[in-house]
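# Analysis of the macromolecular model
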Amino acid sequence: MTQAPTPTADTVRRLVRALLEEGGASRSGPEVRPVVEGGSPSTWWVGTRHVLRLATDRDTALRRRRELRLRDLVRPYVQVAVPTSVAHGDWSPGLAYTLDTKLPGGTAEEHDVSAVGEADLAGLLRGLREVPPRQAEALGVPRAAPRSLEALRRMAVAVAERLARADEFDPARLHQLTSPGAAQLAAQPAGAVLVHHALRGEHLVVSADGRVRGVLDWTGAVLGDPAEDIAGLALAVGSGAAVRAATLAGYGARPCLRGLWLARCDTVVRLAERLDGRAAGPRDAEALTLPRTQLARAWEAILLERVTEFREEGEIGADGPDEEACEGPGAADRPDEEA
C-alpha cells in the first residue's frame with residue numbers, strides 16, 4: 001500500500017498559488033501557516049481570509065467531499081453561518097482539499113457565550129432537527145446507533161476511584177445516575193435527526209459579544225441521537241447553557257437529561273484516560289487543562305435534574321416542554337420579567 005504524502009508548507013504554497021492565481025495574488029502567494037503549531041499538518045491558514053483543509057487518508061477525503069454537499073443542505077435551516085468553499089478538488093491522487101472562507105470571530109474556548117448566543121445555539125439545534133433525514137442520507141450521511149448510557153455509566157464508575165485518588169473527582173457524584181435511571185434515559189426509537197456530532201468549543205465560532213456566529217467541521221455529521229449534540233454543547237459552553245438552548249429548540253426533559261449524562265460520563269472517562277496515558281497526546285499539565293475544564297462544565301448543577309417523569313419523545317406540543325424543569329442554575333431565583 002502506498003503511503004499518503006505528508007502536507008508541507010511548500011505543498012500548501014504551490015496549491016494556493018495555483019488556486020488564487022486568477023485572483024491577482026503575488027507570485028509568492030499569501031502567507032500560509034498551520035492552524036495548530038506542531039499539530040496536524042492538514043489544516044492551514046491562508047492569509048487572513050481563508051483556511052485550507054487537506055485530507056491525509058481516503059476516509060477523510062470521502063467525508064470532506066460529503067461535507068461540501070451537506071453544508072449546502074443545512075445552510076437554509078440553521079441560523080448560524082456555515083463555511084463556504086471557494087475551491088475544492090484533490091491535492092494528491094484520491095486525497096481531497098477544500099479552501100474555505102474564514103468565518104470571523106473566536107471560539108467558544110476563547111469567548112463566553114451570552115444569553116443571545118444561547119438563542120443562536122437553539123436555532124442551530126432546531127435547524128438540525130428540521131433537515132430532512134432522507135436528503136441527508138442521500139448525500140451519504142451515515143446512520144449511527146445511539147450509545148448505551150448504562151454502558152457509559154459503568155465505565156465512568158469503574159474509573160472514578162482512580163480520579164478520586166488523584167483528587168480530581170468525587171465518585172459519589174455518579175450516584176445521581178442509577179442503572180434504572182440510565183435505562184429511563186435510553187434514546188427513543190424513531191428519534192434520529194441530523195447530528196453535527198462534534199459541537200466542541202473549537203468548532204463554535206463566537207464573537208466578542210458572545211453571539212454564536214458559525215459552526216465549523218461538518219465531516220462527522222450523522223443521522224442519530226440528538227442528545228449527542230446536547231452533550232457536545234455541555235462540554236463547550238456548560239450544562240446550564242446547553243440545556244437552556246436545547247429547551248429553546250423544543251427538546252424536552254428526556255433528551256436534555258440524556259445529553260447531560262452522556263457529557264458527564266464522557267468527561268470522567270476521558271480525564272481518567274488522559275491521566276493514565278491511554279489517550280493520544282501529551283500528559284503535561286497544559287494537556288489536562290481542557291479535560292478538566294470540560295468536566296467542570298458538564299457537572300454544573302441544574303434544576304432539570306429534579307425531573308423524575310418524562311413525556312414521550314415528540315413532546316413538543318401546544319404547551320411545550322416543562323420550562324421550569326429545563327432551566328439552568330438560578331432560574332427559580334430570577335425575577336418575573338413581566339412583574
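Because the structure is predicted, anything quoted here is derived from the model rather than measured.

Here is what the cut-offs are and how they apply
- Residues numbered from 1 in each chain as written.
- Predicted model: local features only at pLDDT ≥ 70, side-chain atom pairs only at ≥ 80, totals over all residues.
- Heavy atoms only, no water.
- Helix = DSSP H or I, 4+ residues; strand = E, 2+ residues; numbered from the N terminus.
- Expected span 1.5 Å × (residues − 1).
- Buried < 20%, exposed > 50% of the residue type's maximum accessible area, 1.4 Å probe, protein only.
- pLDDT = per-residue confidence, 0-100.
- Contact = heavy atoms within 4.5 Å.
- 1 Å grid on protein atoms, 1.4 Å probe; cavity = no way out; pocket = protein on both sides within 12 Å on 5 of 7 lines; lining within 4 Å.
- Points joined across faces, edges and corners; volume = space filled by probe spheres on them.
- Nonpolar A, V, L, I, M, F, W, Y, C, P; charged D, E, K, R; others polar.
- Phe/Tyr/Trp six-rings, centres within 6.5 Å; stacked < 30°, edge-to-face > 60°.
- Lys NZ or Arg CZ within 6 Å of the ring centre and 35° of its normal.
- Pairing = 2+ DSSP bridges.
- Axes fitted to C-alpha atoms, helices over the stretch in contact; angles between N-to-C directions.
- Salt bridge = Lys/Arg side-chain N within 4 Å of Asp/Glu carboxyl O.

## A look at helix 9 (residues 253-276)
Taking 1.5 Å of rise per residue, 24 residues should cover 34 Å, and helix 9 covers 35 Å from first to last C-alpha, within 8% of that figure. With 21 of 24 residues buried, helix 9 lies mostly within the body of the structure. Once helix 9 finishes, G277 follows within two positions and takes phi at roughly 80 degrees, a positive value.

## Regarding the confidence of the model for the protein
This prediction gives the protein a mean pLDDT of 86; 83% of its residues lie at or above 70. In the model, residues 308-339 has pLDDT below 50 throughout and makes 51 contacts with residues more than four positions away in sequence or in other chains.

## A few points about empty space enclosed by the protein
Rolled over the atoms, a probe with the dimensions of a water molecule shows which regions are left empty. Overall, the coordinates contain 1 cavity of 30 Å³ or more when judged by the stated rule. Roughly 40 Å³ of internal volume is contained in the largest cavity. Around the largest cavity, the lining residues are L125, L128, V193, L194, V195, P226, D229 and Y251. Those elements that place two or more of their residues in the lining of the largest cavity are helix 3 (115-130) and strand 7 (193-195). Sorting elements by how many residues they give to the lining of the largest cavity places strand 7 first, with 3 residues. For the lining of the largest cavity, the per-class residue count stands at 7 nonpolar, no polar and 1 charged.

## Points about the packing of aromatic side chains
One pass over the full model with this rule turns up 2 aromatic pairs. When the ring of W261 is compared with that of W299, the centres are 5.4 Å apart and the planes differ by 90 degrees; the resulting orientation is edge-to-face. Here the residue W261 occupies a position in helix 9, and W299 occupies one in the loop between helix 10 (285-298) and helix 11 (323-326), the gap between them amounting to 38 residues. Overall, the relative accessible area of 5% leaves W299 in the buried class. Put simply, the rings of F169, W261 and W299 pair up and form one aromatic cluster. Residue placement shows K102 over the ring face of W45; its charged tip is 4.5 Å from the ring centre. Here the basic side chain of R264 rests over the ring of W261, its NZ or CZ set 4.8 Å away from the ring centre.

## Description of the pairing of strand 4 (residues 85-92)
Side-chain direction in a regular strand flips from residue to residue, so the side chains alternate between the two faces of the sheet. Judged from the 6 bridges that link them, strand 4 and strand 5 (residues 95-101) form a sheet pairing that is antiparallel. Following the sheet pairing, S85 is matched in strand 5 by D100. From the end of strand 4 to the start of strand 5, which pair antiparallel, there are 2 residues, and G94 there has a positive phi angle of about 80 degrees.

## Let's talk about the sheet that holds strand 8 (residues 204-206)
Spatially, 3 strands are ordered 6-8-9 in an open sheet, and the strand pairing comes out antiparallel. Of all the strands in the sheet, just strand 6 (106-107) and strand 9 (212-215) have a single pairing partner and so form its edges. As defined by bridge partners, strand 8 adjoins strand 9 across 3 bridges and the pair is classed as antiparallel. Bridge assignment links L204 to a residue of strand 9, and that residue is V215.

## Considerations on the sheet that holds strand 2 (residues 43-46)
Judged by pairing direction, the sheet is antiparallel, and its 5 strands sit side by side in the order 1-2-3-5-4 without closing on themselves. A single partner strand is all that each edge strand has here, and the edge strands are strand 1 (32-34) and strand 4. The sheet shows a mean angle of 25 degrees between the axes of neighbouring strands, direction not considered. Helix 1 (residues 9-20) rests against strand 1, strand 2, strand 3 (50-54), strand 4 and strand 5 of the sheet, and its axis sits at about 120 degrees to strand 3. Where helix 2 (residues 58-74) meets the sheet, its contacts fall on strand 3, strand 4 and strand 5, and the angle it forms with strand 5 comes to roughly 40 degrees.

## Here we look at the pattern of salt bridges
This model, assessed by the stated rule, comprises 21 salt bridges. Notably, a salt bridge pairs D276 with R162, separated by 2.6 Å at the nearest N-O pair. With D276 in helix 9 and R162 in helix 5 (residues 149-165), the pair connects residues that are 114 residues apart, well separated along the chain. A network of salt bridges, in which partner residues are shared, links R53, E67, R71 and D100.

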